[in-house]
Structure formats: structure tokens, C-alpha cells
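Residue-level structure breakdown
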Amino acid sequence: MNGSAPPLADALRVAASAWRGLRGGTSLDRALADAADEFASATPAPPHPRLAAAAKDIAYTATRHLALIEAMLEKLSHRAPDPAVAALLAVTLGQLLAPRHAAYAVVDQAVQAAKAQGDTRTASGFVNAVLRNALRRLSMLRPELERQPTVAFNAPRWWIDRLREAEPSHFAQILQLQRQAPPLVLRVNRRRSSVEAYLQRLQAEGIDASRVGPAAVWLHVALPVSDIPGFATGDVSVQDAGAQLAVQLLQVEDGMRVLDACAAPGGKTAQLAEAADNLTIDAVELDPARVGRIEENLRRTAAHSHALIHVHAADAAQPEQFAQERYPRILLDAPCTASGIVRRHPDIPWLRRPADVAQLATLQQRLLDGLWPLLEPAGRLLYVVCSVFPEEGPRQAERFAARHADARPLALPGIGQSQLRLLPAHGAGWSRGLPSVHDGFFFAMFEKT
């Protein structure tokens, strides 16, 4: 059973439940977890071990077509279906738009899913009729609806307008890239292996991959983490190549004290432990639930064996909760709109609101101002956000420097300037120490004078 796929009808049911959560304002990952728990509690037999992964794939696929799906439903049905029925239709339409199974099988399994639940059972005939109507009209309906920018780019109008304002020459490219599934990029733990040796290991196992950064390896075909060679033993970690740059740019040295602020899920904390010997690292995370993910990552990578790491459930802007002395290096990977990582989290544009940009910029300012006194003279603070919006990137950095006379913008190593903006990209190879396959990030370095 472990090697087989779960019943498509079950995966559609879980994905549909998650879709309702998403459209109610819950993050897709949280909604999927809740939906999987709900399914397990309502089903006598244990769920298929791959059910959660299958449902996630279905829900993510549908979310990458959310605007098109909802526009199609308006055209395909003469009446607005009940929420549970609309959700089942939505995730099923996602499977018809990005086929992984024969269309007839998808429709059949959607009907079976409808019959299996009390709130959709009486609408199984309606589900069948709408989906067969979709199959007949899809080739003509899709191009007609994609003339609308919100459908073509799968984002609310305000999100499109803000990206156009931020990147007038690249906004369409960014939006189109955000509709794609993300590349699976690994960070090779250099304490355990070299990039070259790991690529040879992948080649020996028939896995196509290439180097896209100093320690970054891109798997050309995504695999479940359980199937990635060396993942369970900490030889590699899943981490975007752009995100890997933060520790590289910070240039920690043996024996340093380092503050990793807003540290969850712990990828950069583990990477810090790999970067130098005998570090003392304070990893701070506000959300207690996410602190557990940091510890899990540190155990898997054996990071504690290379550094003295203290994980704190605390507000990074309130150093009295965790700091004992000052630091020569501070890494602030600040909360942001996450506008640079939408292809990893396609629900982001649909969960954000226009006011969120200013609210998050205020939070970033609070964190920067709260952490700055913790930096030693001649120490370095690296500010990072996975955003392409200037309010969270260059403008935030410029305003910080203007508020603090002792904050000197410092050239990023190998970059030659104090700021670096990475727009989402999917290229080949790597140059100047910069990756070619990465999400959107902003980096700014400050030295205390």
C-alpha cells in the first residue's frame, strides 16, 4: 500500500476541505493539516500514508489556477453551488486544467467523492454535470477568461498593480513565474559532503540534478523528502538557493556569537552551524509552535554538535527576553508579505490585503530598531526579506540608516554594494557567487561604527 497512490476521491475530499479553509482566510498549509485530521477522525480505517501529499498536490495545483477556476464556475453553473460543492468542483477543475490523470477518471472520482460526504451527496449529479460541461467548453472558455489580468496572472488586482509599480519591466515575468511549481533546491551540508560528491551520488542513483549555487543543488524532478538521498541523515536540507545566500553574506567566523532572529523553520540556524566552528547561536522565534520545527531541523542536521545553540521562544524586538550580551553578527530574516516566494506558497496573494504591506513594514522597523543595540561596535547586521516590494526592501533599509547615525551600509561580500535585490528566477548554472534558480529576496548589510 505504501508504494501505491491513495484513492483520488479521498485526496479530492481532503483538498476540497482545505480549499474551503483557504477561501475562509486560513493559510493553505494550515487548512490542509486541519483537513487531513478531519478526514482521519471521520474514517474508520487509517488513511493512506500518501493521502496528505496527494491532497496537497491537488490543493496547490488548484490554488495556482484559483482566479481561473472561480471565473469558470460562474460560467459553468446556472446557480451558485453550496460551499462544500463549490470547493469539490474547484479542486477537481484544477486537475482538469493541469492533467495528471485521464479526464474521465477525474470526473468519476469527483462524483465518488461527492457521494461519500453528507454535505455533497445529494449534489453528485450536479457535480457530474458541471464537470462534463467543463470538459466540453474548456478549450474555448480558458482563453476567453484569461483576457482578464486577474485570471491571466492569478492574483488580485491590487497585487498586480503593486508589482507593476515595484517592477514595471519585470512584473509580468514575476507573476507568470509565480504560477509555476517551485524548483526543489537542496543545500549540501559541507561538514558531511562536498557538492561534487553529492552530485555524483545523485547521478549514481539516476537522479538528474545540477549545481545552481555555492552549496545549492537543484533536483530537476521534485521528490518527496523521504526519497531524497541523504535528507534523513542531514547530508542535505531543502532550502532555496537565494535563502542560502544569507549565511554566506554574513561571513561568520570561528568562535563568534551570532543572533538568528525570526529563525523558524531553522534552515539558516543549521546552515550557520555548518559555516564555522565553535559558534554560539541564539535562535529566536516568536511562534512557540514553530520553535519545534527549529529543533527538528537542528536534530536532523546534527547542528548542535558543531555549535552551542540556544533556541528561544521570544520576541526578537524585546532582547531582554533572551540576550545575555552583544553580538558581532546578527541575522534578521524579518516577517514580510512573502511576495518573493509565491510559487512556493500560491495562497499568499489571496490571503494578503493591501494594508498588510504597511503593517509588515512597521513590524520590520520595530525589529531593526530593537535589535540594533545588541550589535557590537564594528559588528554586522544583515537584514533579509523574501519580498520584492520596495517598502519592505530598499526603502526600509534607507529609512533605517537615516534613523541610526551609527549604522553604516556595508558592501555585501562579492556583490560590491550594500543591497542586493533578487527577483524570482529559473535559469541555469551560477555566476558571481549568485544562484540562478531562486526565489525573490532583498538583502542589506549594516556595520555599527
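Data block above holds the structure.
On a predicted model such as this, the values are computed, not experimentally measured, just so you know.

Focus on the packing of helix α5 (residues 83-97) against helix α7 (residues 124-145)
Contact geometry for α5 and α7: axes closest at 11 Å, N-to-C directions at 40°. For the element pair α5 / α7, the angle class is oblique. Regarding α5 and α7, the two cross each other, and that crossing is right-handed. Residues Val 85, Leu 88, Leu 89, Thr 92, Leu 93, Leu 96 and Leu 97 of α5 pack against Phe 126, Val 127, Val 130, Leu 131, Ala 134, Leu 135, Leu 138 and Arg 142 of α7. Classifying every residue of the contact of α5 with α7 by side-chain character gives 13 nonpolar, one polar and one charged.

Examining the packing of aromatic side chains
For the coordinates displayed, the defined rule picks out seven aromatic pairs. Ring plane angle 65° and centroid distance 6.3 Å describe the contact between Tyr 383 and Phe 442, whose orientation is recorded as edge-to-face. Residue Tyr 383 is located in strand β9 (residues 375-385), and its partner Phe 442 is located in strand β14 (residues 441-448); the two are separated by 59 residues in the primary sequence. Since its relative accessible area comes to 1%, Phe 442 is described here as buried. Ring-pair connections join several aromatic residues into one group, and the members of that group are Trp 158, Trp 159 and Phe 389. Over the ring of Phe 126 we find Arg 79; its NZ or CZ atom is 4.3 Å from the centre of that ring. Positioned above the aromatic ring of Phe 231 is the side chain of Arg 300, whose terminal nitrogen or guanidinium carbon lies 4.0 Å from the ring centre.

A few points about the nonpolar core
In this structure, Phe 322, Leu 332, Leu 371, Leu 381, Leu 382 and Phe 443 are the most contacted members of the largest nonpolar core, which totals 80 residues. Residues in contact with Leu 332, not counting those within four places in the same chain, are Ala 261, Cys 262, Leu 367, Leu 368, Leu 371, Leu 382, Tyr 383 and Val 384. Listed in part, the 54 residues of the second largest apolar core include Ala 15, Leu 22, Val 151 and Trp 350.

Things to note about the sheet that holds strand β2 (residues 209-211)
One open sheet holds the four strands; their spatial order is β2-β3-β1-β4, and the pairing between them is antiparallel. Where the open sheet ends on each side, the last strands, each with one partner, are β2 and β4 (236-238). Strand-to-strand twist across the sheet, computed as the mean angle between neighbouring axes with direction ignored, equals 30°. Bridging between strand β1 (residues 184-188) and strand β3 (residues 216-219) involves four bridges; their strand directions are antiparallel.

Observations regarding helix α10 (residues 171-178)
Those residues of α10 that fall on the buried side of the exposure criterion are Phe 171, Ile 174, Leu 175, Leu 177 and Gln 178. Seen along its axis, α10 keeps its buried residues to an arc of 160°; they face one direction.

Reading the values: rules and limits
All residue numbers here refer to positions counted from 1 along the written sequence of the relevant chain. With the structure being a predicted model, the display of local features is reserved for residues of pLDDT at least 70 and the display and counting of side-chain atom pairs for 80 or more, all residues being used for whole-chain, interface and lining totals. Neither water nor hydrogens contribute to the side-chain values; these are computed over all heavy atoms in the structure. Each axis is a line fitted through C-alpha atoms, and for a helix only the stretch in contact is used; angles between axes span 0 to 180 degrees, taken between their N-to-C directions. Per the convention used, a helix needs a DSSP run of H or I reaching at least four residues, while a strand needs a run of E reaching at least two, with both numbered from the N terminus. Comment on the angle field: the value is read as roughly parallel under 35 degrees, roughly antiparallel over 145, roughly perpendicular from 65 to 115, and oblique elsewhere. Left-handed describes a crossing in which the near helix is turned anticlockwise from the far one by less than a right angle; the clockwise case is right-handed. Any two residues having at least one pair of non-hydrogen atoms within 4.5 Å are treated as being in contact. When residues are grouped by polarity, Ala, Val, Leu, Ile, Met, Phe, Trp, Tyr, Cys and Pro land in nonpolar, Asp, Glu, Lys and Arg in charged, and all others, Gly among them, in polar. Only centres within 6.5 Å qualify two rings of Phe, Tyr or Trp (six-membered ring in Trp) as a pair; their planes then separate them into stacked at under 30 degrees, edge-to-face at over 60, and tilted for everything else. Each residue is assigned to one of three classes by its accessible area relative to the maximum for its type, calculated with a 1.4 Å probe on protein chains only: buried under 20%, partly exposed between the two thresholds, exposed over 50%. Our definition puts a charge over a ring when NZ of Lys or CZ of Arg is within 6 Å of the ring centre and also within 35 degrees of the ring normal. Within this scheme, the nonpolar core is defined by two criteria: the residues are buried Ala, Val, Leu, Ile, Met, Phe, Trp, Tyr or Cys, and they are joined through side-chain atoms within 4.5 Å. Paired strands, in this sense, are two strands between which DSSP finds at least two bridges. Directions pointing from the helix axis toward each C-beta atom define the arc.

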